[in-house]
Amino acid sequence: MIRPSDIEDKEFKKVAVGYSPEEVDRFLDEICVDYEQLFRENREMKMKLNNMANNNTAVSQMTAPLPKAQQQTAPVPTAPLSPQQTSQSIEKALAKTLTLAERVAEETKENARAAAAQITESAVAKAEEIIGSARTRAFELEQDIHRLESRYELMKTRVKLLLYAEIELLDKNEIISQKEADYPQEGETFQNPQQS
C-alpha cells in the first residue's frame, strides 16, 4: 500500500514536453486503488468501533464504579477517535497528499517547460550563429574563388605574352644568325655572292 511519503518521494521521468502521461496515469491509478481500499477498511473499522462501543456501554453498566482512591491514581484515558473523526483525518491526509502531488507535478511541469524554452532559445541562437558563420565563410570562399580566377587569367595572359616574346626573340635570333652567316667572320674576306 502506498504511504504518504511514497507519494511525496515519487519522481516522474522527464520527457521532452514534461512528464510521461502514462507514468502519471499509472501512479494516480495506484493511489485510487489504495484510497478505495482505505475507504473500505475505514467503513469496516467504523462498524467494528460501533459494535465495540455498544459492547462497552453494556459492560460499563454491569461494572461498579472504582473507589475514589483508585480513581485519582488511575491514568486518565484519552478519548478514542470516533470512526467519523478517523475517516475524516484519513480523508484529509489523502486530500493533502493528492494536493501536494498535484502541486509538485505542476511545478515540475512548469520547470520542464521553462527548461525546454531555454533549450529551444539556446538552440535557435546557436543555429543562427552557425548559419551566420557559414554564410560569412561562403562569402569569403566566393571572394577567394574570384581572386583566384582573376589571378589565373592574369597569369595566363602573362605566360602568353612571355611565350610570344620568346617566339619573337627566337625569330629575331634566327634572322640575326642568318645575317651573320652571310657576313664573313674576322679574318675572312667578304665575298659578294654576286661576284662568285
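Sequence order sets the numbering: in each chain, residues are counted from 1 along the sequence as written. For a predicted model such as this one, the threshold for reporting local features is a pLDDT of at least 70, and the threshold for listing and counting side-chain atom pairs is 80 or more; totals across whole chains, interfaces and linings nevertheless cover every residue. Only heavy atoms go into the side-chain values, all of them from the structure, while hydrogens and water stay out.

Caption draft 1: Molecular detail of the overall build of the protein chain. Scanning the protein chain for helices and strands turns up 4 helices and 2 strands. Only DSSP runs of H or I covering at least 4 residues are called helices, and only runs of E covering at least 2 are called strands; the numbering of each starts at the N terminus. Starting at the N terminus and ending at the C terminus, the protein chain contains elements arranged as α-β-β-α-α-α. Relative accessibility under 20% of the residue-type maximum defines a buried residue, over 50% an exposed one, and the middle range a partly exposed one, all with a 1.4 Å probe and only protein chains included. Of all 196 residues assigned to the protein chain, the portion counted as buried reaches 10%. For the protein chain, long-range pairs separated by at least 24 residues make up 68% of all intrachain contacts whose partners lie at least 6 apart in sequence. Surface exposure here means Shrake-Rupley accessible area, sampled with a 1.4 Å probe, where a residue is shielded only by the protein chains that are shown. Here the protein chain displays about 17300 Å² of accessible surface, and carbon together with sulfur accounts for 57% of that area. Between two residues, a contact is recorded if the distance between any of their heavy atoms is within 4.5 Å.

Caption draft 2: Representation of the pattern of salt bridges. Salt bridges, as used here, are contacts in which a Lys or Arg side-chain nitrogen is within 4 Å of a carboxyl oxygen on Asp or Glu. Summed over the entire model, instances satisfying the criterion amount to 6 salt bridges. Across the pair Glu140 and Arg137 runs a salt bridge whose closest N-O atoms are separated by 3.7 Å. In this pair, Glu140 and Arg137 both sit in helix 4 (residues 83-182), 3 residues apart, roughly one turn of the helix. Judged by its relative accessible area of 38%, Glu140 is partly exposed.

Caption draft 3: Local environment of a negative patch on the surface. For patch building, the residue pool is restricted to those with more than 30% relative accessible area and no salt bridge; the joining distance is 9 Å between like charges and 5 Å between nonpolar side chains (Val, Leu, Ile, Met, Phe, Trp, Tyr). Note that His is not counted, nor are the chain ends; the positive residues are Lys and Arg, and the negative ones are Asp and Glu. To locate a charge, take NZ of a lysine, CZ of an arginine, CG of an aspartate or CD of a glutamate. Together, Glu22, Asp25, Asp29 and Glu30 line one region of the surface with negative charge. Turning to its location among the elements, Glu30 is positioned in helix 2 (residues 21-62).

Caption draft 4: Just a nonpolar patch on the surface, in detail. Taken together, the side chains of Leu161, Tyr164 and Ile167 make up a nonpolar region of the molecular surface, amounting to roughly 350 Å² of accessible area. Tracing the backbone through its elements, the reader meets Leu161 in helix 4. The class of Leu161 is exposed, set by a relative accessible area of 55%.

Caption draft 5: Local environment of the confidence of the model for the protein chain. Values of pLDDT, which run from 0 to 100, indicate the predictor's confidence residue by residue. For the protein chain, the mean per-residue pLDDT works out to 78, and 73% of the residues sit at or above 70. Put simply, helix 3 (residues 68-73) is where the protein chain has its lowest mean pLDDT, 49, and helix 4 is where it has its highest, 88.

Caption draft 6: Main features of the environment of Glu110. Relative to the assigned elements, Glu110 resides in helix 4. Residues Glu110 and Gly18 lie 92 residues apart in sequence; the distance between their C-alpha atoms is 8.3 Å.

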